[in-house]
Amino acid sequence: MSSPEQQPTPPAAPEASQGTVGEPAAASAGPVPALPDHPPAASPSRWSRLSRGAVLAIGAVLGAAVVGACWAGISLADGNRSDASAADASASHSVSPERTTDMEGPFSTDGTLTVTGIGAGLEPGALCSGTGGYSDIDFGTQVNVSDAAGTLVAVGDLGLGEKTELGCEFPFTVDDITPGSKFYTIEVSHRGGLTQTEEELRVGGLAFTLGD
């Protein structure tokens, strides 16, 4: 009898080799997630959701608001200029009547009367009085102002006399002269009058002289 054929022995399974110190551990056999090829798309904006007509309408409203604000600023600036101009005009109107009143109302004049040749021997600036034929010229002597019709319109008087190089000088002032006459006559005591215009009286600083 023939001997039975022996079945070949299967090769032994290779044993898992143990890793040595310093060798990297085997990678995990779990699945690795795939990275996305592109970043996620951004969510659409609110403006992109609006229709073209709505966007145009909103733009028109905003433009109208800006234009209105500009016009409001210009109107306020013009209003301020108008108020300032009105205030200036009002001030000028309020001043003009006062000036007219000053020109039309009573006015004053002043000046000096010098009696020459008296006060000999006196120091300059010393008090003096009229002497001899001018004894009526002294402190308090009346100064009359008459209009063109000869009507007395104002009265003043002489101040204290003071010695000067020319003689004895007396200052005077006349207030409340009635305006409107073509000319005026100024007379000190009874020495006769000197004619002056209203403009000359208003300027003042008149200088009259008696004596040689």
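Criteria and thresholds
- Residues numbered from 1 in each chain as written.
- Predicted model: local features only at pLDDT ≥ 70, side-chain atom pairs only at ≥ 80, totals over all residues.
- Heavy atoms only, no water.
- Helix = DSSP H or I, 4+ residues; strand = E, 2+ residues; numbered from the N terminus.
- Buried < 20%, exposed > 50% of the residue type's maximum accessible area, 1.4 Å probe, protein only.
- Contact = heavy atoms within 4.5 Å.
- Phe/Tyr/Trp six-rings, centres within 6.5 Å; stacked < 30°, edge-to-face > 60°.
- Core = buried A, V, L, I, M, F, W, Y, C linked by side-chain atoms within 4.5 Å.
- Salt bridge = Lys/Arg side-chain N within 4 Å of Asp/Glu carboxyl O.
- Patch = residues over 30% accessible without salt bridge, like charges linked within 9 Å, V, L, I, M, F, W, Y side chains within 5 Å.
- Areas by Shrake-Rupley, 256 points an atom, 1.4 Å probe, with all protein chains shown as cover.
- pLDDT = per-residue confidence, 0-100.

S.K.: What's the story with the overall build of the chain in this structure? I'm lost.
M.R.: From N to C terminus, the chain includes three helices and nine strands. Along its sequence from the N terminus, the chain presents helices and strands in the succession α-α-β-β-β-β-β-β-β-β-α-β. Relative to its 212 residues, the chain shows a buried fraction of 20%. When contacts within the chain are restricted to residue pairs at least 6 apart in sequence, those whose partners lie at least 24 apart make up 61%.

S.K.: Can you walk me through the packing of aromatic side chains in this structure?
M.R.: Centre-to-centre distance and the angle between the planes together describe a pair of aromatic rings. Inspection of the entire model under this criterion finds two aromatic pairs. An angle of 85° between the planes, with centres 6.1 Å apart, marks the rings of F107 and Y184 as edge-to-face. Taken together, the positions of F107 in strand β1 (residues 107-116) and Y184 in strand β7 (residues 184-188) put the pair 77 residues apart, joining distant regions of the chain. Both residues of the pair, F107 and Y184, count as buried. Relative to F208, the ring of F172 has its centre 6.0 Å away and its plane inclined at 10°; by these criteria the two rings are stacked. Within this pair, whereas F172 is found in strand β6 (residues 167-177), its partner F208 is found in strand β9 (residues 206-210), the two being separated by 36 residues in sequence. Taken individually, F172 and F208 each receive the classification buried, so the pair is uniform in this respect.

S.K.: Explanation requested: the nonpolar core in the structure shown.
M.R.: In globular proteins that are soluble, nonpolar side chains generally tend to be buried together. Counting 23 residues, the largest nonpolar core has I137, V145, L158 and I177 as its most contacted members. Counting residues per element, the ones that place at least two in this core are β1, β3 (142-146), β4 (152-158), β6, β7 and β9. Of the residues forming this core, the biggest block, five residues, is contributed by β6. Those residues in contact with V145 that sit more than four places away from it in its chain are T151, L152, V153, A154, V174, I177, Y184, T185, I186 and L201.

S.K.: Honestly, the environment of G180 in this entry has me stumped. Any pointers?
M.R.: In this structure, G180 sits in the loop between β6 and β7. Along the backbone, G180 and E198 are 18 residues apart, and their C-alpha atoms lie at a distance of 7.7 Å.

S.K.: It is not clear to me how unusual backbone geometry should be interpreted in this structure. Could you clarify?
M.R.: Trans peptide bonds make up the majority, and among non-glycine residues the majority have a negative phi. Even without being a glycine, D176 presents a positive backbone phi close to 55°. When you line up the elements, D176 lands in strand β6. Unusually for a residue other than glycine, S189 sits at a positive phi of about 55°. Mapped onto the elements of the fold, S189 is located in the loop between β7 and β8 (193-196).

S.K.: Would you take a moment to explain the pattern of salt bridges for this structure?
M.R.: When their charged atoms lie close together, side chains carrying opposite charge are able to pair. One pass over the full model with this rule turns up two salt bridges. With a closest N to O distance of 2.7 Å, R191 and D136 form a salt bridge. Highlighted residues: R191 in the loop between β7 and β8 and D136 in the loop between β2 (127-128) and β3, separated in sequence by 55 residues. Overall, the relative accessible area of 30% leaves R191 in the partly exposed class. Taking the relative accessible area as the measure of exposure, D136 reaches 23% and is therefore partly exposed.

S.K.: Just checking my understanding: could you explain a nonpolar patch on the surface for this structure?
M.R.: Taken together, L127, F139 and L160 make up a surface patch of nonpolar side chains, about 350 Å² in accessible area. As for its position among the elements, F139 is in the loop between β2 and β3.

S.K.: Quick question: what am I supposed to make of the confidence of the model for the chain here?
M.R.: Note: predicted coordinates in regions of low pLDDT should not be interpreted at a detailed level. The predicted model of the chain averages 73 in pLDDT, with 51% of residues at 70 or higher. Contacts for the low-pLDDT stretch residues 1-30, under 50 throughout, to residues beyond four places or in other chains number zero contacts. Between residues 89-101, whose pLDDT stays under 50, and residues either more than four places distant or in other chains, the model counts zero contacts.

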